[in-house]
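A closer look at the structure
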Amino acid sequence: MANSWLERVVVCLCVGLLGACIPKVDDLSGGEPPPTPPTPGSSLPEVGDYAAVPLAECKMRPAGSSSAECGSLESFDLSGCDANSLLGLETAGAFNVRLHRSDIEQNDWATLMRAGKFSVDRGAGAPHPMFNRTTRTSADGRVTVTSQVGCSAKGTDRVTGCEVSCVNGAVTRMFTFEAARIRRRAGESESGGGMTLVGEAATGTGAATELFITKDHAYVVSIDDSAHGDGGLYVFDIRDRKAPRLVATRRHESENYWNGVWAKDDALYVASGDRGVLVFDISEPANPRFLRDLSNGSRQNVHTVQVAGSRLYATLVDPTTETLIYDVKNAREPVLLGRHQDASAGELKSFPHETTVFEDKLYVNHWRAGLLVLDPTDPANVKQVGAYKYPGASSHFARVGRINGNLTAFEGGEGWGAHLRVLDLSDAKSPRLIGEYKLSPEVSIHNMELVGGRLYVAHYQHGVRVLDVSGPAKPQEFAYFNTWRETDRHRGTSSWEGAIGIRVPGDGYVYVVDTSRGLLILSDPEPPKGPEIPEEPGEL
């Protein structure tokens, strides 16, 4: 999914409570303080985002050990469970669910997340407090039974259990799962740290995913899904930040999975799930005019787009998995210069999700392959310089910049337990983990924006988080805004809900898209007292 959704500028993520470690700067030098070398041996141990182990004490009884029908309550071994604990589970809200399937090599399902809803039968005669079974017969006569049984609850908001699929009486898939109810973080109100809502405007159908700010307009894209409906492009006049006004909508009759957006000069680029990169003329900002797609007549699923200098980078995820590089000196007529395919596309079935450029390097979040460090000097022959990979990687988004003179990357995954990693890139061949920022394992991050020593994070159901990363090894959160509300339309239909796209163009506002609420304009909070780290554009 995800979200994904995109950002450019130098970006970062970090961890934190108030009280950042802010280095002292000698202003008498008249220039940037000298780089502070990382402490030798200061790398953090990398343990991955999750442990690939069974998540519940239930299991299926061995085949032939009983006469119980596959998928029946009796077909589960619940001897290690605490059924009575399920009676205390609060089931009114939305849950995020992690599934574990132990019979798959690399455990593809260990990071699988989905939305879930649960019910508890508290009747005295109920055979089990939490058991659900569905049966479906296909046109060819196959009978599929899917059953879910609760094992144990941990308090009111967490539950574990088992799920099985049977076809014609034989097990085809069996999972253990854990689920957590989505709630606002303890002690938080709608906002904190001086970040307030200035203006808001709903998009139409589709789940909003990304935005770009240019020409006093916000260009918001959305994807189609069963809950939200058809996606498309929405254009808002934002000259009055308190009252953003929808001025145009663009859709395509046969496809409207538009996940990413970027602009350069009078051109707008949209990442399409069917036609690759779409190019619009925005010389009249409120009236985007479609010019062409870059698919050459074939189906292309491009997930994200980014412009750095005179180049456009697009991540192609189907039918091949490649990073495409275009020349956009003439912004409305991109020319393909080259493409890069990582070996992990075949070995790990990995794919490029997001790109960022800083100084002379291209950084690609390549899912299971982690964060790739590439040299794109010759776009027809892109070379890999280094990579940072972690166990069960779901590398999704990154931003890179110089913090106190040191080259630093902020990398975020997207899955259960995924969080912000801070990487020291002094040796690009061997990036080192030096810091982390974690909230709760069931809520992932999507996009970020790095501006000087501040990192703005779109954190799905945890809303917007603003971090002071001037001490990159110890990111400190100093402001937040909770965009996700349980009562909003379509909540609980996906794990990837809430704050998903974010832009900080430097005009005093933070622009966010929420999957259900649409466009939100927030005040840019004052950072903690300390030296500001200037932005350092890193375009090729």
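Summarised in this report is the structure supplied together with it.

Basis of the calculations
Residues numbered from 1 in each chain as written. Predicted model: local features only at pLDDT ≥ 70, side-chain atom pairs only at ≥ 80, totals over all residues. Heavy atoms only, no water. Buried < 20%, exposed > 50% of the residue type's maximum accessible area, 1.4 Å probe, protein only. Helix = DSSP H or I, 4+ residues; strand = E, 2+ residues; numbered from the N terminus. Pairing = 2+ DSSP bridges. Axes fitted to C-alpha atoms, helices over the stretch in contact; angles between N-to-C directions. Polar contact = N/O pair within 3.5 Å; in protein donor to acceptor, adjacent residues only side chain to side chain.

**Section: the pairing of strand S15 (residues 258-264)**
With 7 of 7 residues buried, S15 lies mostly within the body of the structure. With 6 bridges joining them, S15 and strand S16 (residues 267-272) adopt antiparallel strand pairing. Bridged to Ala 263 within S16 is Leu 268. In this antiparallel pair of consecutive strands, S15 and S16, the connection spans 2 residues, and Asp 265 shows a positive phi of 55°.

**As for the sheet that holds strand S3 (residues 95-100)**
Reading across the sheet, the 6 strands line up as S4-S3-S8-S7-S6-S5 and stay open at both edges, with antiparallel pairing between neighbours. With one partner strand each, in any of the chains shown, strand S4 (113-116) and strand S5 (131-137) form the two edges of the open sheet. Across the sheet, the axes of successive neighbouring strands diverge by a mean angle of 25°, strand direction being ignored. Summarising the sheet, strand S6 (residues 143-154) and strand S7 (residues 158-167) pair through 10 bridges and their orientation is antiparallel. Bridge assignment links Thr 144 to a residue of S7, and that residue is Val 167.

**Focus on the side chain of Ser 75**
Inspection of the secondary structure puts Ser 75 in the loop between strand S1 (59-60) and strand S2 (76-77). Looking at Ser 75, its side chain comes within polar contact range of the main-chain oxygen of Ser 72, at 2.6 Å.

**Observations concerning the environment of Pro 475**
The topology assignment puts Pro 475 in the loop between strand S33 (464-468) and strand S34 (476-481). Taking the C-alpha atoms as reference points, Pro 475 and Val 422, 53 residues apart in sequence, are found 8.7 Å from one another.

**Concerning the environment of Arg 421**
Positionally, Arg 421 belongs in strand S29 (residues 420-424). Separated by 51 residues in sequence, Arg 421 and Pro 472 place their C-alpha atoms 10.0 Å apart. Within the local environment of Arg 421, its side chain forms a polar contact with the side chain of Asp 49, the two groups lying 2.9 Å apart.

Any functional reading would require information that these geometric values do not contain.
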